[in-house]
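Structural characterization, general
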Amino acid sequence: MNKSLKLFIATGVILVSALGALSHFVYEWTGQNQLAGLFVPVSESVWEHMKLLFFPMLLTTLLLTALLKRTYPHILTGMLAGVLTGTTAIPVLFYTYSGILGYCITAVDISIFYISVGIGFFAAYRLTVSDYAESLHHLLCCLTLLMLAAFVLFSYEPPSLGIFAEPEIGAAFLGEIGR
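Here goes a summary of the coordinates provided. (Residues numbered from 1 in each chain as written. Predicted model: local features only at pLDDT ≥ 70, side-chain atom pairs only at ≥ 80, totals over all residues. Heavy atoms only, no water.)

**Things to note about the overall build of the chain**
Regarding its fold elements, the chain presents six helices and zero strands. Beginning at the N terminus, the succession of helices and strands in the chain can be written as α-α-α-α-α-α. For 179 residues, the compact-globule estimate of 2.2 N^0.38 gives 16 Å, and the C-alpha radius of gyration of the chain, at 17 Å, lies within 12% of that figure. Its C-alpha atoms put the chain at 60 × 35 × 30 Å along the principal axes. Taken across its 179 residues, the chain has 42% of its residues classed as buried. For the chain, long-range pairs separated by at least 24 residues make up 73% of all intrachain contacts whose partners lie at least 6 apart in sequence. If you sum the accessible surface of the chain, you get close to 9,800 Å²; carbon and sulfur atoms cover 71% of it. Looking at charge distribution, the chain has the averaged site of its 7 positive side-chain charges lying 20 Å from that of its 10 negative ones. (Helix = DSSP H or I, 4+ residues; strand = E, 2+ residues; numbered from the N terminus. Rg over C-alpha atoms; globule rule 2.2 N^0.38 Å. Buried < 20%, exposed > 50% of the residue type's maximum accessible area, 1.4 Å probe, protein only. Contact = heavy atoms within 4.5 Å. Areas by Shrake-Rupley, 256 points an atom, 1.4 Å probe, with all protein chains shown as cover. Lys, Arg positive; Asp, Glu negative; His and termini not counted. Charge placed at Lys NZ, Arg CZ, Asp CG, Glu CD.)

Below you can see the structure in the form of structure tokens.
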């Protein structure tokens, strides 16, 4: 029974990875369309890059829930946990490595997205097949709705916090080389 779930999860990883990678460019491709900007990054900030995972995985959550709810009654709860875990992994991994190094590396930044997708789907799978998923259902629904509202609200009116600022990619590193 879990073999088919693993196949759907693997398909979800591929789908979210592809949609997330493509959505990085949608805002520019649409001529900076304000509506598109609610769901795709409008800047290079870490916050905006969290959308690369959040919205494609949320879409995948709806699809997998519709397909698998009868066989896996906790699929929605598991997937919401995965959406939140994967989305949260992006800033955690980014600020950990860039804080240690003191600069950013584009290849690592890109890798963080794919690692976070994997983390998100791993969490989704584990909670989907667990016995305690139902006790988290309402909390995960509320947290997902709050995150959705925050993405929409902060797309064009971000607070003055570091996560909403565009990082200076490689600036510290390049400054050291120039000395």
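That shown, we press on.
**Section: the environment of Thr-30**
Along the chain, Thr-30 falls in the loop between helix 1 (2–29) and helix 2 (46–68). Given the relative accessible area of 37%, Thr-30 is considered partly exposed. One polar contact links the side chain of Thr-30 to the main-chain carbonyl oxygen of Tyr-27, over a distance of 3.1 Å. (Polar contact = N/O pair within 3.5 Å; in protein donor to acceptor, adjacent residues only side chain to side chain.)

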